[in-house]
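Examining the three-dimensional arrangement
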Amino acid sequence: MTPVAASFDDLYKTYAGPVYRVCLRAVSRREVAEELTSEVFLALHQSWTKLSPEQLPAWLFTVAKRRAADYWRHHYVEESWVSAQVEEINCPQFEYPLADLLARCTALKPVHRVCITLRFSQGMSRAEIAQQLNLSELQVKGHLQYALQLLRQQMVEKVRPETETGGDTLVEL
Amino acid sequence: MSNSDFDSEELELSALHGEPPQACPPLNLLLAHQEGVLPPELAQRIQQHLDRCPLCPMLLADLATLPEAPFTPGQEQRIAARLPSTDAGTPTVISSGPVRSRRHLAAFAAIAAVMIVCITVGSHMFLHRQPAPVANNAPPAVPSTPPATVAALEIPLAPLAPPGNDTVAPLTRGAHGAEPSIDELLPAFDAYNTADYATAAKRFATLRKDYPHSEIVLLYLGVSQLFLHQDADAAATLALARHAATPSSADAAEWYSAIAAQRLHSPDAKALLDSLCKKPGSKYSAESCRIAPTLP
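Thresholds applied
Residues numbered from 1 in each chain as written. Chains lettered and ligands numbered in written order. Predicted model: local features only at pLDDT ≥ 70, side-chain atom pairs only at ≥ 80, totals over all residues. Heavy atoms only, no water. Helix = DSSP H or I, 4+ residues; strand = E, 2+ residues; numbered from the N terminus. Buried < 20%, exposed > 50% of the residue type's maximum accessible area, 1.4 Å probe, protein only. Contact = heavy atoms within 4.5 Å. Areas by Shrake-Rupley, 256 points an atom, 1.4 Å probe, with all protein chains shown as cover. Disulfide = S-S within 2.5 Å. Axes fitted to C-alpha atoms, helices over the stretch in contact; angles between N-to-C directions. Parallel < 35°, antiparallel > 145°, perpendicular 65-115°, else oblique. Left-handed = near helix turned anticlockwise from the far one by under 90°. Nonpolar A, V, L, I, M, F, W, Y, C, P; charged D, E, K, R; others polar. Core = buried A, V, L, I, M, F, W, Y, C linked by side-chain atoms within 4.5 Å. Domains from an automatic or database assignment. Phe/Tyr/Trp six-rings, centres within 6.5 Å; stacked < 30°, edge-to-face > 60°. 1 Å grid on protein atoms, 1.4 Å probe; cavity = no way out; pocket = protein on both sides within 12 Å on 5 of 7 lines; lining within 4 Å. Points joined across faces, edges and corners; volume = space filled by probe spheres on them. Salt bridge = Lys/Arg side-chain N within 4 Å of Asp/Glu carboxyl O.

Regarding the overall build of chain B
Along the backbone of chain B there are 14 helices and zero strands. Starting at the N terminus, the α and β elements of chain B follow one another as α-α-α-α-α-α-α-α-α-α-α-α-α-α. The proportion of buried residues among the 296 residues of chain B is 44%. Nonlocal contacts in chain B, meaning residues at least 24 apart in sequence, comprise 53% of its contacts between residues at least 6 apart.

Here it is, written out as structure tokens:
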């Protein structure tokens, strides 16, 4: 009995990519996402006769999420951020918060904000950002330079009136 | 990341951003939380942070607007290679799959037949007069024009199974002999077996200091580096692994060296696969013979 009308091949070709992307978003590591995706389709193969057509493709994504959850359960204790944040979760208050600066600079596009945030808040290198966003390092460098230029303009415009009244010294930036 | 990693313009914002670094969760945790796959306690902590931090929700919202990474044929091939197959490395062939095996094999046979016709005849007109037979429901595999060359196949990267306990003579193990003891290897293989290749690579690299000529350490360090896409390091490590290898692990060392070489666009990839192809007893032989002719 083959309760699923489509062939396994068709399902693999149609959904391998979407399942992989779900896995990649869930675990952020390409090699692990590939492994989880293969586990999902292995599970599909093993459950082939028990599934009905209406269960697909949702079943695939459910299994993908479960496998990703297993991955995180396994790695939970190894995450340094978790142990570092056990006692206190806070979002430090800066005199001039990056989030506020990014939000006020309307000329920035999402890719600029993402590059800036990954660079300065997440502490990623250009190479790591490039890999995360599927860009070249040169593109990332360009986005960062352009964003910094806009942010500098934004800061100067914001600070100039204050300095004229003897306020902040950020005009040096 | 130290300040030396920033160029002069970036230092401006780095200084503004201030110290200590903002205690936001790493991006992988934020994304995992968004997908709802974190353990409850951790998810709760992330949510508490998101409720208070203006930056992280902005980051997640912005990321959602960016195009996702493409799903490449190489990735599809690597995933398929992990599925049970009748032909190692051939995508999506599962030996006992209902309906699928016959159709899949027929489709691949059709594709192979068409490719052969295209290459040997090389005539568009001929293809139109005598199209190659294509199985029912097979994907449209006939190219409209004959390809000038066969596209190089990617050598699939699959995890190398951990060695058995009898791989190396016990007398050579431990206490800085030729090979580490089982106990010394276990932490590295614990990470390796869970696909935590970053940790595995660190632990194998540590072992390498005490066992610089260990075939096991060099081989699995090289494989871990391949999974981490540290291709140049992997090529160097695996070259040493080939020299240190015993006959039982030599084929694996050559195979994974070929993967590193291909990623580095080195002609060594073809030479290594040709060598493996000529070893009929090797488990990599058939796959090497299939891929080697496609490499430059």
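Structural notes on the overall build of chain A
The helix and strand inventory of chain A stands at eight helices and zero strands. Listed by position from the N terminus, the elements making up chain A come as α-α-α-α-α-α-α-α. By the burial criterion, 51% of the 173 residues in chain A qualify as buried. Contacts spanning at least 24 positions in sequence make up 56% of the contacts within chain A whose residues lie at least 6 apart. Total accessible area on chain A is roughly 8,300 Å²; 49% of this is exposed by carbon and sulfur atoms.

Topic: the state of the cysteines
Residue and element names in this part refer to chain B. Taken as a whole and assessed by the stated rule, the structure comprises one disulfide over all chains. The disulfide bridge from Cys277 ends at Cys289, spanning 1.9 Å between sulfur atoms. Linking Cys277 and Cys289, the disulfide has an S-S dihedral of approximately 105° and is accordingly described as right-handed. Linking Cys277 in helix H13 (residues 268-277) with Cys289 in helix H14 (residues 285-291), this pair joins segments that are twelve residues apart in sequence. Residue Cys277 is classed as partly exposed on the basis of its relative accessible area, which comes to 25%. Unpaired in terms of disulfides, Cys24 finds its nearest cysteine sulfur in Cys56, a separation of 3.5 Å. By relative accessible area, Cys24 is classed as buried at 9%.

A word on the packing of helix H8 (residues 182-193) of chain B against helix H10 (residues 215-227) of chain B
Residue and element names in this part refer to chain B. The N-to-C vectors of H8 and H10 enclose an angle of 25°; their axes lie 12 Å apart at closest approach. Classed by the angle they form, the pair H8 and H10 counts as roughly parallel. In this structure, H8 meets H10 at a crossing whose hand is left-handed. In contact with Leu185, Phe189 and Tyr192 of H8, H10 contributes Ile216, Val217, Tyr220, Val223 and Ser224. Here the residues of the contact of H8 with H10 are counted per class, giving seven nonpolar, one polar and no charged.

Here's the deal with the nonpolar core
By size, the foremost hydrophobic cluster in this structure holds 76 residues, and its most contacted members are Val27, Phe41, Leu44 and Ile116 of chain A. It is helix H1 (residues 8-27) of chain A that provides the largest number of residues to this core, a total of eleven residues. Residue assignment places this core across two domains, with domain 1 (8-89) and domain 2 (98-172) of chain A each supplying three or more. Residue contacts for Val27 of chain A: discarding those within four places in its chain leaves Val32, Ala33, Leu36, Ala68, Tyr71 and Trp72 of chain A. Counting 43 residues, the second largest nonpolar core, distinct from the first, contains Ala234, Tyr256, Leu273 and Ala292 of chain B.

What about helix H6 (residues 110-120) of chain A?
Burial runs high along H6 of chain A: ten of the eleven residues are buried. The complete set of buried residues in H6 of chain A reads Val111, His112, Arg113, Val114, Cys115, Ile116, Thr117, Leu118, Arg119 and Phe120 of chain A.

A short note on the packing of aromatic side chains
Counted according to the given criterion, the structure contains 13 aromatic pairs over all chains. Taken together, a centroid distance of 5.9 Å and an interplanar angle of 75° make the contact between Phe189 of chain B and Tyr192 of chain B edge-to-face. Highlighted residues: Phe189 of chain B and Tyr192 of chain B, both in helix H8, separated by three residues, approximately one helical turn. Tyr192 of chain B gets classed as buried once you look at its relative accessible area, which sits at 3%. Every member of this aromatic cluster is reached through a ring pair, and the members are Phe8, Tyr12, Phe41 and Trp48 of chain A.

Focus: the layout of surface pockets
Volume-wise, the largest pocket comes out at about 1,600 Å³. When contributions to the lining of the largest pocket are tallied by element, the ones reaching two or more residues are H1, helix H2 (30-46), helix H3 (58-75), helix H4 (80-84) and helix H7 (126-133) of chain A together with helix H2 (27-35), helix H4 (55-65) and helix H9 (197-210) of chain B. Sorting elements by how many residues they give to the lining of the largest pocket places H7 of chain A first, with five residues. The residue inventory of the lining of the largest pocket, partitioned by class, reads 23 nonpolar, 13 polar and eleven charged. Both domains that furnish three or more residues to the lining of the largest pocket are identified here as domain 1 (8-89) and domain 2 (98-172) of chain A.

Some words on empty space enclosed by the protein
Scanning the model with the defined rule gives one cavity of 30 Å³ or more in all. Estimated volume of the largest cavity: approximately 50 Å³. Lining the largest cavity we find Arg30, Glu31 and Glu34 of chain A together with Arg78, Leu157, Phe227, His229 and Arg263 of chain B. Among the elements that take part in the lining of the largest cavity, H2 of chain A stands out by supplying three residues, more than any other. Taken together, the residues of the lining of the largest cavity break down into two nonpolar, one polar and five charged.

Re the pattern of salt bridges
Within this structure, the stated rule accounts for twelve salt bridges over all chains. Two residues, Glu31 of chain A and Arg29 of chain A, come together in a salt bridge whose shortest N-O distance is 2.9 Å. Take Arg29 of chain A: its relative accessible area is 18%, and that puts it in the buried class. A salt bridge links Glu41 of chain B to Arg45 of chain B, with the shortest nitrogen-to-oxygen separation between them at 3.1 Å. In this pair, Glu41 of chain B and Arg45 of chain B are both assigned in helix H3 (residues 40-52), four residues apart and thus about one turn of the helix distant. On the basis of relative accessible area, Glu41 of chain B is assigned to the partly exposed category, the value being 43%.

Thoughts on the packing of H10 of chain B against helix H11 (residues 231-244) of chain B
The packing of two helices is summarised by the inter-axis angle and the distance between the axes. Residues and elements named next belong to chain B. Packing of H10 against H11 leaves a shortest axis separation of 8 Å and a crossing angle of 155°. The angle between the axes of H10 and H11 places the two elements in the roughly antiparallel class. At the point where H10 passes H11, the crossing takes the left-handed sense. When H10 is examined against H11, the residues Glu215, Leu218, Leu219, Leu221, Gly222, Val223, Gln225 and Leu226 are found in contact with a partner set consisting of Asp231, Asp233, Ala234, Thr237, Leu238, Leu240, Ala241 and Ala244. Classifying every residue of the contact of H10 with H11 by side-chain character gives ten nonpolar, three polar and three charged.

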